[in-house]
Amino acid sequence: MPAPLLFVVSGLTQYLGAALAVGLFAVVPAGTVAWLRVAVAAVLLLAWRRPWRVRELWGRGRLGVTVLFGVVLATMNVAFYVAIEHLPLGTAVALEFLGPVTVAAVTGRGWRDRVAIAVAAVGVVLLAGVSLETGPGAVTGRVAIGVAAACWGGYIVLGRKVARAGGPGASGLAVAMAAGALVLAPFLAGASGPVLHDPRLALVVVAIAVCSSLVPYVLEQVVLRRVSTATFAILLALLPATAAVVGAVVLGQWPHGLELVGLVLVSGAIALTAREQEAT
């Protein structure tokens, strides 16, 4: 399956999970919701992949990279959820995209990569509907989204190393997510009480974990095996584009004006990366 199509599937599941997660924010703090989705996804991945049977995962050097990847992944999720409590979603999405932009700019190997990431960045800003409005928690939101952006950049670089290091399927991802969940547990697990005492909330958390963490991150590991870090960063622009298409088809929220321009720009950026891969 082509990498852009995998990203579309990933985007569809992520936004379904996000819709479910919003309903939990009134009961459980946003950061704890993010931690729960990582922790539950880790448990499901461990049960599925059984990484303890894969000997090559446990070398000292490789294990260190995998653990660091997991901590970065978990922190990225927590920081983003904290940010969207204080910032408009569109603003948060656009600012977080600074992470992939930086990765593509630094690791890009030619003019196509750099032009494509610039075009994609403008497209994401237009699609996201960035707002300059500020609220009482704007500073907290901006700090959190800055952390999320830095972690997203780290996720791309470290995730490619984990994906390409060998070993079957998503076994490395299972170890990484478990490590990230364990490291952040002392700070965030304490507020998860309502989920532990309400089976309905627990089922919602499982659904969020599957839709927002398990499926997308497994698919992204597949893509990271195939493409460069710069190309992967550019392909991430498909996520907000997918959200716009889903909104049009499912909710009748058809893009117009600058949003249409954003869709065209993102499509152009993806086309540039596809041509580069054909040329190499």
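Below you will find a few notes about this structure. These numbers were taken from a predicted model, which means no experiment stands behind them. Starting afresh in each chain, residues are numbered from 1 along the sequence in its written order. At least 70 in pLDDT is required for a residue's local features to be given in this predicted model, at least 80 for side-chain atom pairs to be given and counted, and no such filter applies to totals for whole chains, interfaces and linings, which use all residues. Side-chain calculation: all heavy atoms of the structure are included, whereas hydrogens and water are not.

**With respect to unusual backbone geometry**
- Positive phi outside glycine occurs at R50, with the angle close to 50°.
- Secondary structure elements are taken from DSSP: a helix is a run of H or I of four residues or more, a strand is a run of E of two residues or more, and numbering for both begins at the N terminus. Relative to the elements of secondary structure, R50 occurs in the loop between helix 2 (30-49) and helix 3 (60-86).
- For R50, a relative accessible area of 42% gives the class partly exposed. Only protein chains enter the accessibility calculation, which uses a 1.4 Å probe; a residue whose area is less than 20% of its type maximum is buried, one above 50% is exposed, and one in between is partly exposed.

**A closer look at the side chain of S213**
- Structurally, the position occupied by S213 is in helix 10 (residues 199-226).
- Any pair of nitrogen or oxygen atoms within 3.5 Å is treated as a polar contact; in protein, a donor-acceptor pairing is required on top of that, and neighbouring residues in sequence qualify only through side-chain atoms on both sides. A distance of 2.8 Å separates the side chain of S213 from the side chain of R37, its partner in a polar contact.
- Only heavy atoms matter for contacts: two residues are in contact if any of them lie within 4.5 Å across the pair. Not counting chain neighbours up to four residues away, the residues in contact with S213 comprise R37, V38, A41, M177, I208 and V218.

**Looking at the pattern of salt bridges**
- We define a salt bridge as a side-chain nitrogen of Lys or Arg found within 4 Å of a carboxyl oxygen belonging to Asp or Glu. One pass over the structure, following the stated rule, counts one salt bridge.
- Among the salt bridges present, the one from D198 reaches R200, with a minimum N-O distance of 3.6 Å.
- The exposure class assigned to R200 is exposed, which follows from its relative accessible area of 65%.

**Here we look at the environment of L24**
- Within the secondary structure, L24 is located in the loop between helix 1 (3-22) and helix 2.
- Considering only alpha carbons, one finds L24 and V205, 181 residues apart in sequence, at a separation of 8.6 Å.
- Once you skip the residues sitting within four places of it in the chain, L24 turns out to touch V33, L201, V204, V205 and I208.

**Points about the packing of aromatic side chains**
- Ring geometry is summarised as follows: Phe, Tyr and Trp rings, the Trp one being its six-membered ring, pair when their centres sit within 6.5 Å, and such pairs are stacked at plane angles under 30 degrees, edge-to-face over 60 and tilted between the two. Overall, the coordinates contain five aromatic pairs when judged by the stated rule.
- Aromatic pair F25 and Y81: ring centres 5.6 Å apart, planes at 70°, arrangement edge-to-face. One end of the pair, F25, is in the loop between helix 1 and helix 2; the other, Y81, is in helix 3, with 56 residues separating them in the sequence.
- What makes Y81 buried here is its relative accessible area of 5%.
- The structure contains a cluster of three or more aromatic residues connected by ring pairs, namely F69, Y155 and Y217.
- Both a distance and an angle decide whether a charge sits over a ring: NZ of Lys or CZ of Arg must be within 6 Å of the ring centre and within 35 degrees of the ring normal. One residue, R49, lies across the ring of W48, its end atom 4.9 Å from the ring centre.

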